[in-house]
Amino acid sequence: MSKVIIIDDEPLARSIVKEYLQQHPELELVQECGDGFDGFKAIQQHQPDLIFLDIQMPKITGFEMLEMLEQPPAVIFTTAFDEFAIKAFEAHAVDYLLKPFSQDRFDKAITKWGEQKPADRTTAALIEAASFSPAQSQRIVVKNGSKIKIIPVHDVFYLEAADDYVKIHTHEGYFLKNKTMNHFEQSLDAQQFARCHRSYIVNVQQITRIDPYEKDNHVAILRSGAKVPVSRGGYGKLKEVLGL
Amino acid sequence: MLVDQAVVLHWFGVAWQPAIIDSVLSNVLLVFCSLLVILILRYYLPKYEQYINILSLCLLLAIIWVFLAKWLLMLSIGNGDAAYANLLTHSLPVRFSIGLLLLGCLTLISILWFNQKEQKENEKRKADAEKLAKEAELFKLRQQLQPHFLFNSLNSINALIGSRPNEARKMVQQLSDFLRGTIKKDETQWVSLQEELQYLQLYLDIEKVRFGNRLATSVDAAEELKDLKLPALLLQPLVENAIKFGLYDTTGETLISIQAAKENNKLVISVINPFDPETSSPKQGTGFGLKSVERRLYLLFARNDLLQTEASNNIFKTVVKIPQQVTKEN
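Criteria and cut-off values
Residues numbered from 1 in each chain as written. Chains lettered and ligands numbered in written order. Predicted model: local features only at pLDDT ≥ 70, side-chain atom pairs only at ≥ 80, totals over all residues. Heavy atoms only, no water. 1 Å grid on protein atoms, 1.4 Å probe; cavity = no way out; pocket = protein on both sides within 12 Å on 5 of 7 lines; lining within 4 Å. Points joined across faces, edges and corners; volume = space filled by probe spheres on them. Helix = DSSP H or I, 4+ residues; strand = E, 2+ residues; numbered from the N terminus. Nonpolar A, V, L, I, M, F, W, Y, C, P; charged D, E, K, R; others polar. Contact = heavy atoms within 4.5 Å. Buried area = accessible area lost by both parts, 1.4 Å probe. Salt bridge = Lys/Arg side-chain N within 4 Å of Asp/Glu carboxyl O. Polar contact = N/O pair within 3.5 Å; in protein donor to acceptor, adjacent residues only side chain to side chain. Disulfide = S-S within 2.5 Å. Buried < 20%, exposed > 50% of the residue type's maximum accessible area, 1.4 Å probe, protein only. Pairing = 2+ DSSP bridges. Axes fitted to C-alpha atoms, helices over the stretch in contact; angles between N-to-C directions.

Counted under the stated rule, the structure contains three cavities of 30 Å³ or more. Where the lining of the largest cavity is concerned, the elements lending two or more residues are α3 (62-68), β6 (139-144) and α7 (181-187) of chain A. Split into classes, the residues belonging to the lining of the largest cavity amount to four nonpolar, four polar and five charged. There is about 50 Å³ of room inside the second largest cavity. Around the second largest cavity sit Ile6, Ile7, Asp8, Ala13, Ile16, Val17, Phe52, Thr78, Lys99 and Phe101 of chain A together with Asn155 of chain B, which together line it. Mapped onto the lining of the second largest cavity, the elements with two or more residues apiece are β1 (2-7) and α1 (11-21) of chain A. Top element by residues in the lining of the second largest cavity is α1 of chain A. It accounts for three residues. Its residues assigned to classes, the lining of the second largest cavity comprises seven nonpolar, two polar and two charged.

What follows covers the interface of chain A and chain B. Listed by partner, the interface residues are 22 residues for chain A and 25 residues for chain B. Together chain A and chain B conceal approximately 2,100 Å² of surface at their shared face, both sides included; 54% is due to carbon and sulfur atoms. Taken as a group, Glu10, Leu12 and Phe81 of chain A account for 29% of the area that chain A buries against chain B, more than any other trio of residues on that side. At the surface where chain A touches chain B, the tally comes to two salt bridges. Linking Lys59 of chain A and Asp276 of chain B is a salt bridge whose minimum nitrogen-to-oxygen distance equals 2.8 Å. Between the two partners, chain A and chain B, sit five residue pairs in polar contact (both at pLDDT 80 or more). Residues of the side of chain A that touches chain B, tallied by class, amount to 12 nonpolar, three polar and seven charged.

As a further point, take the side chain of Lys99 of chain A. Assignment of secondary structure puts Lys99 of chain A in the loop between β5 (96-98) and α5 (103-115). Excluding residues within four positions of it along the chain, Lys99 of chain A makes contact with Asp8, Ala13, Asp54, Thr78, Thr79 and Ala80 of chain A together with Phe151, Asn152 and Asn155 of chain B.

Residues and elements named next belong to chain B. Tallied over the full model, the rule gives zero disulfides over all chains. Not engaged in a disulfide, the cysteine Cys105 finds its nearest cysteine sulfur in Cys58; these two sulfurs lie 9.7 Å apart. Given a relative accessible area of 43%, Cys105 falls into the partly exposed group.

What follows concerns the sheet that holds strand β13 (residues 207-213) of chain A. Residues and elements named next belong to chain A. Spatially, β13-β14-β15 is the arrangement adopted by the three strands of the open sheet, whose pairing is antiparallel. Every interior strand has two partners, whereas the edge strands, β13 and β15 (227-230), have only one. For this sheet, the mean angle separating the axes of adjacent strands, direction not counted, is 25°. As paired elements, β13 and strand β14 (residues 217-222) share six bridges and run antiparallel to each other. What sits directly across from Arg209, in β14, is Ile221.

Residue and element names in this part refer to chain A. Spatially, five strands are ordered β10-β9-β8-β12-β11 in an open sheet, and the strand pairing comes out antiparallel. A strand with exactly one partner marks an edge of an open sheet, and here the two such strands are β10 (173-177) and β11 (193-197). Adjacent strand axes in the sheet meet at a mean angle of 25°, parallel and antiparallel pairs treated alike. Bridge count between β11 and strand β12 (residues 200-203): four bridges; the pairing is antiparallel. Its bridge partner lying in β12, His197 is registered against Tyr200. Lying over the sheet, helix α8 (residues 232-242) contacts β11 and β12, oriented at roughly 160° with respect to β11.

Structure (structure tokens):
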């Protein structure tokens with residue numbers, strides 16, 4: 001028996017998957033969830049073998065939910081219309097069901113899943129690709145203990161590299177995210193965020209002034225009073241973004 | 001000019017007849033020169049750095065004009081009249097100065113005139129291009145929401161067919177009526193509030209099937225307001241916006257209400273929806289519908305103050321005012 005979870009915000013969309021699942025007695029539906037938060041909890045609790053996941057959902061998208069999971073299960077995406085998501089699926093050869101889909105198409109997806117089980121690598125690549133979606137450039141979703149926290153990017157003061165993580169500093173303190181500085185440098189709006197140092201990305205709207213600091217270096221003083229190091233190359237980038 | 005020159009020449013002792021001939025001849029030639037300048041400027045408007053060319057042109061034309069006039073006048077009058085010939089020769093610098101001055105003024109005025117005309121045309125072209133681009137953009141924005149809604153509705157119907165075929169049939173009917181409304185309606189047309197509300201009700205009913213008990217709606221419009229007019233499909237993007245933030249982006253039960261009122265001969269419609277401040281801010285999401293409505297209102301009434309939004313206590317309220325005088329003309 002394989003455990004299955006359905007995550008979709010529309011009850012009827014869940015019911016059709018449930019109906020199609022009746023043809024597959026080897027799959028046991030352990031839970032249905034109406035949003036990514038619930039889905040996140042259910043996946044941690046049940047450790048399912050396969051999930052059916054919608055993309056556009058309240059609170060966080062299906063991609064953002066996957067990103068929070070340390071070991072995401074195998075996924076069959078179900079979506080109605082999302083140009084960006086479909087491009088990402090095609091680029092990473094991940095199977096997806098376009099609503100409305102037939103029993104036949106559904107069965108094919110299940111067969112395909114059964115044939116190519118450990119698909120961790122493609123899922124990871126897909127999640128990485130999806131994190132560049134327009135919807136995700138406006139916020140950063142982080143795990144705060146066992147909870148999920150959504151940080152709007154304009155609330156971010158600055159980002160700091162910390163080993164394998166990035167520290168996201170906000171007025172509520174900092175949050176850790178398992179991503180690279182390069183990832184954030186690419187995904188965040190270059191008009192608002194500048195890589196002012198190898199280990200720092202600053203929200204330029206938070207800067208109150210830039211002071212010289214030791215030889216050749218500078219330091220940016222933020223509204224919160226925080227001081228962010230600015231390297232020589234970073235100073236040039238900052239000036240460019242600030243239009244100086 | 002004509003009379004003036006004749007009188008001045010007569011003053012200097014030239015008989016009336018040659019004075020008039022002289023005046024007519026020189027002025028007709030001058031008019032030709034002027035026309036030439038205007039014609040050239042009309043098809044060849046100089047840039048700032050080319051003004052020197054135009055100055056040279058004036059100078060050249062003035063010189064040609066003076067010598068051509070002198071030659072013709074000598075031929076016609078000067079041969080038999082030594083005193084006139086003498087005066088003609090001596091007055092050449094004065095004639096030249098006056099001619100140059102006149103041509104110069106004319107050139108200046110022409111340049112200003114043609115420049116302004118060109119600028120106006122450019123501005124108009126630019127405005128037209130911007131309008132086209134904007135409309136294409138708005139169209140695209142609207143198209144983004146529609147397929148999502150459409151495919152999800154079809155998916156709901158697909159689910160209902162197995163379990164509740166009667167409801168599936170009803171939803172097919174509602175969806176067809178809704179789509180017919182979108183296709184049929186011309187956005188330049190005005191419709192009654194009643195008609196627009198019926199159409200919105202279809203849309204809300206479909207969403208109710210999709211989201212079950214989560215969505216509750218209230219439409220509050222007094223009987224006497226139902227004949228007031230508004231541009232077709234104006235409210236649609238506002239309600240879509242309310243649905244997007246109030247229903248798609250929240251998890252609990254949602255109440256979306258539409259209220260109509262009349263105020264200072266304006267139809268005032270409020271669309272109220274809850275939103276989740278943690279995940280979205282409806283103000284930021286203006287791209288989805290509010291901008292298109294604002295733009296339409298501006299094109300119709302040349303006013304920017306007819307659409308207002310406010311957000312407080314997790315409730316988002318959009319108020320649109322539609323002046324009623326204009327509707328009578330339609």
